[in-house]
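Chain by chain, the residues run as shown.
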Amino acid sequence: MVCHDNESIKFFYNISRKNISDTWRTKDYVVVSLGLLVSVFVIFTNILVMLAIFMNRRFHYPIYYLLGNLAAADLFAGISYMYLMFHTGPWTIKLSTSQWFIRQGLIDTSLTASVINLMAIALERHQTIFTMQLHSKMSNHRVVLLIIGIWLIAILLGLVPSMGWSCLCNTSVCSNMAPLYSRSYLVFWAVLNLLTFTVMLAVYMRIFVYVLRKNHRMSQHTSQVKQKETVLNLMKTVVMILGCFVVCWTPGLVLLLLDGLCESCDVLTYEKYFLVLAECNSFMNPIIYSYRDKDMRDTFKHILCFPCLGPQQTGEFSGVHFNTVKQEARKTRDADGEQANRGQLVLKETENMLDSSES
């Protein structure tokens, strides 16, 4: 078996019948410009999410730490896309095989981190919703270990092709979309992610069925209604994030599956469109946060307006809105207690009036 470690990138692209240009065309300028613009937006919006979770004490719970880690994965995706834009088009032909594996490995790592993180969020929601709790009782230490484990697995899967599961030593199995990757690896990677999507959808379906059955049994006490609404709103936000991820990434994964299983299928025609669709997912999550979560939206405004308003005015804003969930629950209980005391006073005064009238 002869390995082609020292061959040029053009050698593998010719085998896969994937065109590679050595001169800049108008199309290349447009693709790179749009890609860099989207990458900058992705990086900015996800840094904003991470800052919001760090600054607002209301978000210091396991579910939000995992959502913050999802933002970190999207931030890493934005950096990976930016690296890709500086190593695509006519620049591709100048890459060594090691540089090409780095370029693809960054993309693979960011997607894997997002998928595993979404699975962790689904399991966390399953654990808390079935007891109708708002937040998991998982300790911060366990959350940190979970996040470290997510990234270790993502990095490992991103390095697998460069560690041997490629077509450098067997060019007959080279894929069309990723000319240095083995088709069997693409099948493995696509099936693994699609199965993960299926498991997550099954988990959320089970949660929704449980919540629907539980809702009509709950009493109409104020604190329980408030907690139920908060749980449902958080669930809707998480499901929207999952749904957006599935819509953006499933077409690309199906295309990878076709590339691995069908040698005659024309997958290169749709490759760039599905890549753009997948890239758009990385800035959709901050938009969903802003749309669904008022606290997150207010925190974004607080961060963005800080240079304009100054620390004093933003500090006042923070004092009003940055209470913890426990503080909000305490305020609700105090309000209920005060209302009950007022009711007792009114009742007592009425009884006194009746006694006076009888006498």
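Not measured: the values here are computed from a predicted model. (Residues numbered from 1 in each chain as written. Predicted model: local features only at pLDDT ≥ 70, side-chain atom pairs only at ≥ 80, totals over all residues. Heavy atoms only, no water.)

A.B. asks: Report on the environment of Val 143, specifying residues and quantitative values.
C.D. replies: Along the chain, the position of Val 143 falls in helix α5 (residues 140–159). Judged by its relative accessible area of 2%, Val 143 is buried. Taking the C-alpha atoms as reference points, Val 143 and Ile 63, 80 residues apart in sequence, are found 9.3 Å from one another. With near-sequence residues (within four places) excluded, Val 143 lies in contact with Pro 62, Tyr 65 and Met 138. (Helix = DSSP H or I, 4+ residues; strand = E, 2+ residues; numbered from the N terminus. Buried < 20%, exposed > 50% of the residue type's maximum accessible area, 1.4 Å probe, protein only. Contact = heavy atoms within 4.5 Å.)

A.B. asks: Tell me about the UniProt feature "transmembrane region" (unreviewed entry) in the protein, and name the residues and values.
C.D. replies: In the numbering adopted here, UniProt assigns the feature "transmembrane region" (unreviewed entry) to residues 29–54, 66–86, 106–123, 143–165, 185–212 and 233–258. As annotated, residues 29–54 has a helix share of 100% and a strand share of 0%, and its two end C-alpha atoms lie 38 Å apart. Within the segment residues 106–123, helix and strand shares are 100% and 0% respectively, and the terminal C-alpha atoms sit 26 Å apart. (UniProt positions renumbered as here; feature names shortened; annotations may be inferred.)

A.B. asks: Please give an account of the pattern of salt bridges that cites residues and values.
C.D. replies: The tally for this structure, following the rule as stated, stands at five salt bridges. The shortest N-O distance in the salt bridge between Glu 271 and Lys 18 comes to 2.9 Å. In this pair, Glu 271 sits in helix α8 (residues 268–292) while Lys 18 sits in the loop between α1 (9–15) and α2 (26–55), placing the two residues 253 residues apart along the sequence. Neither residue differs from the other here; Glu 271 and Lys 18 are each classed as buried. For Lys 294, the salt bridge is made with Asp 298, and the minimal N-O distance between the two is 2.8 Å. Taken as a pair, Lys 294 and Asp 298 lie in helix α9 (residues 294–321) at a separation of four residues, close to a single helical turn. (Salt bridge = Lys/Arg side-chain N within 4 Å of Asp/Glu carboxyl O.)

A.B. asks: Describe in detail the state of the cysteines, supporting the description with residues and values.
C.D. replies: Taken as a whole and judged by the stated rule, the model has three disulfides. Bridging Cys 262 to Cys 265, the disulfide has an S-S length of 2.0 Å. Between Cys 262 and Cys 265, the disulfide has an S-S torsion of 90° and is therefore right-handed. Among the cysteines of the protein that take part in disulfides, numbered as they appear in the sequence, the pairing is 1-3, 2-4, 5-6. In this model Cys 244 remains outside any disulfide bridge; the closest cysteine sulfur is found in Cys 248, 4.0 Å from its own. (Disulfide = S-S within 2.5 Å.)

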